[in-house]
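Understanding the architecture of this molecule
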Amino acid sequence: MKLLATLFLCGSLQLAVSPSVIAQQAPSPYHTRFAVDAPITAGLGAVSGLGLYLISQKHGPSDEELAGLDRNALPRMDRFAAGKYSEDAILVSNILCYGSLAMAPGLLALNSDMRGRYGQVAGLYLESMSATAALFTMSAGTVYRNRPFLYGTEGPANKRKSRIATNSFFAGHTAHAATATFFAAKVFHDFHPDSPVEPFVWGAAAIIPAAVGYARIEAGKHFLTDNLVGYAVGATMGIVVPQLHKTAGRTGLSVMPIQGLNANGYSYGGLLLTQRL
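Conventions adopted
- Residues numbered from 1 in each chain as written.
- Predicted model: local features only at pLDDT ≥ 70, side-chain atom pairs only at ≥ 80, totals over all residues.
- Heavy atoms only, no water.
- Axes fitted to C-alpha atoms, helices over the stretch in contact; angles between N-to-C directions.
- Helix = DSSP H or I, 4+ residues; strand = E, 2+ residues; numbered from the N terminus.
- Parallel < 35°, antiparallel > 145°, perpendicular 65-115°, else oblique.
- Left-handed = near helix turned anticlockwise from the far one by under 90°.
- Contact = heavy atoms within 4.5 Å.
- Nonpolar A, V, L, I, M, F, W, Y, C, P; charged D, E, K, R; others polar.
- Core = buried A, V, L, I, M, F, W, Y, C linked by side-chain atoms within 4.5 Å.
- Buried < 20%, exposed > 50% of the residue type's maximum accessible area, 1.4 Å probe, protein only.
- Polar contact = N/O pair within 3.5 Å; in protein donor to acceptor, adjacent residues only side chain to side chain.
- Phe/Tyr/Trp six-rings, centres within 6.5 Å; stacked < 30°, edge-to-face > 60°.
- Expected span 1.5 Å × (residues − 1).

Details of the packing of helix α4 (residues 87-108) against helix α6 (residues 118-142)
- Interhelical geometry of α4 versus α6 gives an angle of 155° and a closest axis separation of 10 Å. One element, α4, and the other, α6, form an angle in the roughly antiparallel class. Crossing angle aside, the handedness with which α4 passes α6 is right-handed. Facing S100, L101, P105, G106 and L108 of α4, the residues of α6 in contact are Y118, V121, Y125 and M129.
- The residue inventory of the contact of α4 with α6, partitioned by class, reads seven nonpolar, two polar and no charged.

Topic: the nonpolar core
- Counting residues in each nonpolar core, the largest one holds 21 residues, and the members touching the most others are L108, M114, V121, F183, V187 and F191.
- For this core, the secondary-structure elements that each account for two or more residues are α4, α6, α7 (172-191) and α8 (198-218).
- Sort the elements by how many residues they give to this core and α7 lands first, with nine residues.
- Counting eight residues, the second-largest nonpolar core is a separate cluster that includes Y85, I90, L150 and A165.

Here we look at the side chain of N167
- Here N167 lies in the loop between α6 and α7.
- You can call N167 buried: its relative accessible area is 5%.
- There is a polar contact of 2.7 Å between the side chain of N167 and the side chain of K58.

Quick look at the packing of aromatic side chains
- Under the definition given, this model contains eight aromatic pairs.
- Here the aromatic cluster, defined as three or more aromatic residues joined through ring pairs, consists of F136, F169 and F170.

Re helix α2 (residues 34-56)
- Between its terminal C-alpha atoms α2 stretches 32 Å, which fits the 33 Å expected from 23 residues at 1.5 Å a residue.
- Within α2, the full set of buried residues consists of D37, T41, S48, G51 and I55.
- Tucked inside the fold, the buried residues of α2 contact α6.

Right, here's the structure in full:
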């Protein structure tokens, strides 16, 4: 926990004490359109709502299914998690996950360049989170996979037959934490690509959701494979959504008009796409 706090502190100090505070505000690296992004985000929210409805319609495992659970039938890499359960680990995973959801946009707001365009950044954050939530809820709503604690005797008896007992795939806490931290690191990189603290920012982005995943395993909520998928989904959404909104000028690509005379004296014109090295 102390290591995670130190890594995020390094990133927050760079966000707060930035050369851009005294320099002219740099242009935004993103291009967004409310008429396009708002419907996309709303659509993803609707998909999440459908996923939540499907989750509410699931049934929990029966007594016969619980009695027939065999850890040896699990993939070898998941067997070590079977039977685990810890209330303390559940609390830790909740703190890390929900803390990262709030901390990531909060740290970005400390930087003057991002703060001046925080509506745009917040919109991209919401879109990224909505994409992850849509994938997670639809997966949990359609895939039946028993949680690890069902393979042991620990854990509340009233949760063993609950519908959420079959929501092991994939790890939602890990996915959402990864979206938050990788989004923050990606946006920080796009605004300050030459920052010397980038390794610390990306390191924190990678470590925090990994810690969430570890806690979810110890809590008996998810297997290793559930967390690997959740981590991959969350990190992908946190990086890809901002990247899809990058402007050409901040990606090294530029479009230049060209014109001149050909050998016969006729004028010509066009566009030249160049790569900045």
